[in-house]
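Examination of the molecular architecture
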Amino acid sequence: MRILANDGLDRVAIDAFEERNFEVVTEHYEKDRLIKEIKDFDVLIVRSATKVDRELIDVAKGTRLKLVIRAGVGLDNIDVDYAKDNGIDVTNTPLASSDSVAELVLGHMLALARFIAISNVTMRQGAWNKKLYKGVELAGKTLGIIGFGRIGRALARKAGALGMKIVYFDKFVKENHEYKYLELEDLLKEADFISLHTPATGKPLIGKEEIQLMKDGVFIINAARGGVLDEAAILEALNTDKIAGVGLDVFENEPKPNPELLNHPKVSCTPHIGAATKEAQRRIGEEIRDIVLNLDEDIRKVTV
Ligand code: MLT
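Residues numbered from 1 in each chain as written. Predicted model: local features only at pLDDT ≥ 70, side-chain atom pairs only at ≥ 80, totals over all residues. Heavy atoms only, no water.

**Here we look at the layout of surface pockets**
Size it by volume and the second largest pocket reaches roughly 360 Å³. Taken together, 22 residues form the lining of the second largest pocket, with Leu112, Phe115, Phe219, Ala244 and Gly245 sitting closest to its centre. At the level of secondary structure, the elements contributing two or more residues to the lining of the second largest pocket comprise helix H5 (98-113), helix H6 (116-122), strand S11 (243-248) and strand S12 (267-269). (1 Å grid on protein atoms, 1.4 Å probe; cavity = no way out; pocket = protein on both sides within 12 Å on 5 of 7 lines; lining within 4 Å. Points joined across faces, edges and corners; volume = space filled by probe spheres on them. Helix = DSSP H or I, 4+ residues; strand = E, 2+ residues; numbered from the N terminus.)

Right under this line is the structure:
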């Protein structure tokens, strides 16, 4: 079997494949090269950098490529339906990164609530803003989680342990034994902190109107997907103090986000590193190893 891990892969999977004499290529092919080479691989493994679009699928269909694995959760860089319609299966690794993403969200919440992100900038410039940086505690505040899948629930457990009151909105999960469900509008009105955990749909879930419903001085975190938040509306609300702070791990224009956002004193930012921990990458590697090894025995049928 020939496997192309175009955006990298944990050693745990590479070792397992090499033990079975599979050939694993971990060099990153840019689009032109990928289009030339793809027909010679059985499995393509990607993270978010490689786009598996119609152009690539058109070249790959009918060749030995039978499976694309997304090493991560979001499938927005893969045209899943078109791939499947053309005989190329697609799967992802949804189990591996929930704790890592949830911890990063907490990191942004603390960085904003206690001015840690901006202190790292201003102290390096020689400032000592002790009087200016009077923060708020997370304990006792209401955290509204929008999207209550694995990551949302992991965040609820961790934030609950810090003394936060958790409410959530989800399009599908309306009942939960431990946490209170609210309609989106009610959540927006009640929450002191809001964290987004929904896929991109091509249209922002949170724009100007939704922001107007929120409490003054709300904090918002987006470690889901760029485009779920309307960045222009966010900037405006930051500048009018409607929003006290925004934590962003994902952006509308990755990897070149709007500099006005990045340089805003009330923004804590990271470069899409939600799943970038040793533990998550190892678990992703283990999931991918198991997917491919099962494939080897039971020919090519996996499901997203
Ligand atoms: C994911 O969808 O798994 C995360 O956003 C991480 C990533 O894309 O690298």
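**Quick word on the sheet that holds strand S6 (residues 142-146)**
Reading across from one edge, S8-S7-S6-S9-S10-S11-S12 is the order of the seven strands in this open sheet, with parallel pairing throughout. Strands with a single pairing partner mark the edges of an open sheet, and in this sheet they are strand S8 (180-181) and S12. With five bridges connecting them, S6 and strand S7 (residues 165-169) associate as parallel partners. Paired with glycine 144 across the two strands is valine 167, which belongs to S7. Where H5 meets the sheet, it contacts S6, strand S9 (193-196), strand S10 (218-222), S11 and S12, and its direction lies at approximately 145° from that of S10. Those strands touched by helix H7 (residues 150-161) are S6, S7 and S9, and its axis lies near 170° from that of S6. (Pairing = 2+ DSSP bridges. Contact = heavy atoms within 4.5 Å. Axes fitted to C-alpha atoms, helices over the stretch in contact; angles between N-to-C directions.)

**Topic: the site of the ligand**
In the region of the ligand, the neighbouring residues are Arg47, Ser48, Arg70, Gly72, Val73, Gly74, Arg225, His272 and Ala275. Note that an oxygen atom of the ligand is positioned 2.6 Å from one of the side-chain N or O atoms of arginine 70. Here glycine 74 contributes a backbone N or O atom positioned 2.8 Å from an oxygen atom of the ligand. Coverage of the ligand by the protein chains reaches 92% of its 260 Å² of free accessible surface. In the shell around the ligand, the residues fall into two nonpolar, four polar and three charged. (Near = heavy atom within 4 Å. Polar contact = N/O pair within 3.5 Å; in protein donor to acceptor, adjacent residues only side chain to side chain. Areas by Shrake-Rupley, 256 points an atom, 1.4 Å probe, with all protein chains shown as cover. Nonpolar A, V, L, I, M, F, W, Y, C, P; charged D, E, K, R; others polar.)

**Some details on the pairing of S10**
Across the five residues of S10, five count as buried, placing the element largely inside the fold. On S10, burial covers both faces: Val218, Ile220 and Asn222 on one face and Phe219 and Ile221 on the other are all buried. Note that S9 and S10 share four bridges and pair parallel. Residue pairing for S10: phenylalanine 193 is matched across the bridge by phenylalanine 219. Each parallel crossover has a hand, and for S9 linked through helix H9 (residues 208-213) to S10 it is right-handed. By the bridge criterion, five bridges tie S10 to S11 in an arrangement that is parallel. Residue pairing across strands places isoleucine 221 opposite glycine 247, the latter belonging to S11. Where the polypeptide runs from S10 across helix H10 (residues 231-239) and back to S11, its parallel neighbour, the crossover connection is right-handed. (Buried < 20%, exposed > 50% of the residue type's maximum accessible area, 1.4 Å probe, protein only. Right-handed = clockwise from strand over helix to strand, strands pointing away.)

**Focus: the domain arrangement of the protein chain**
Each assigned domain of the protein chain is listed here: domain 1 (2-94 + 278-303) and domain 2 (98-269). For domain 1 versus domain 2, the separation of C-alpha centres amounts to 32 Å. Taken together, the six residues of domain 1 in the interface contact four residues of domain 2. A buried area of about 420 Å², summed over both sides, lies between domain 1 and domain 2, and 38% of it is on carbon and sulfur atoms. Area buried by domain 1 at its contact with domain 2 is led by Asp76, Pro94 and Arg283, which between them contribute 64% of it. Arginine 225 is the salt-bridge partner of aspartate 76, the closest N and O atoms lying 2.9 Å from each other. For the interface between domain 1 and domain 2, the tally reads one residue pair in polar contact (both at pLDDT 80 or more). (Domains from an automatic or database assignment. Buried area = accessible area lost by both parts, 1.4 Å probe. Salt bridge = Lys/Arg side-chain N within 4 Å of Asp/Glu carboxyl O.)

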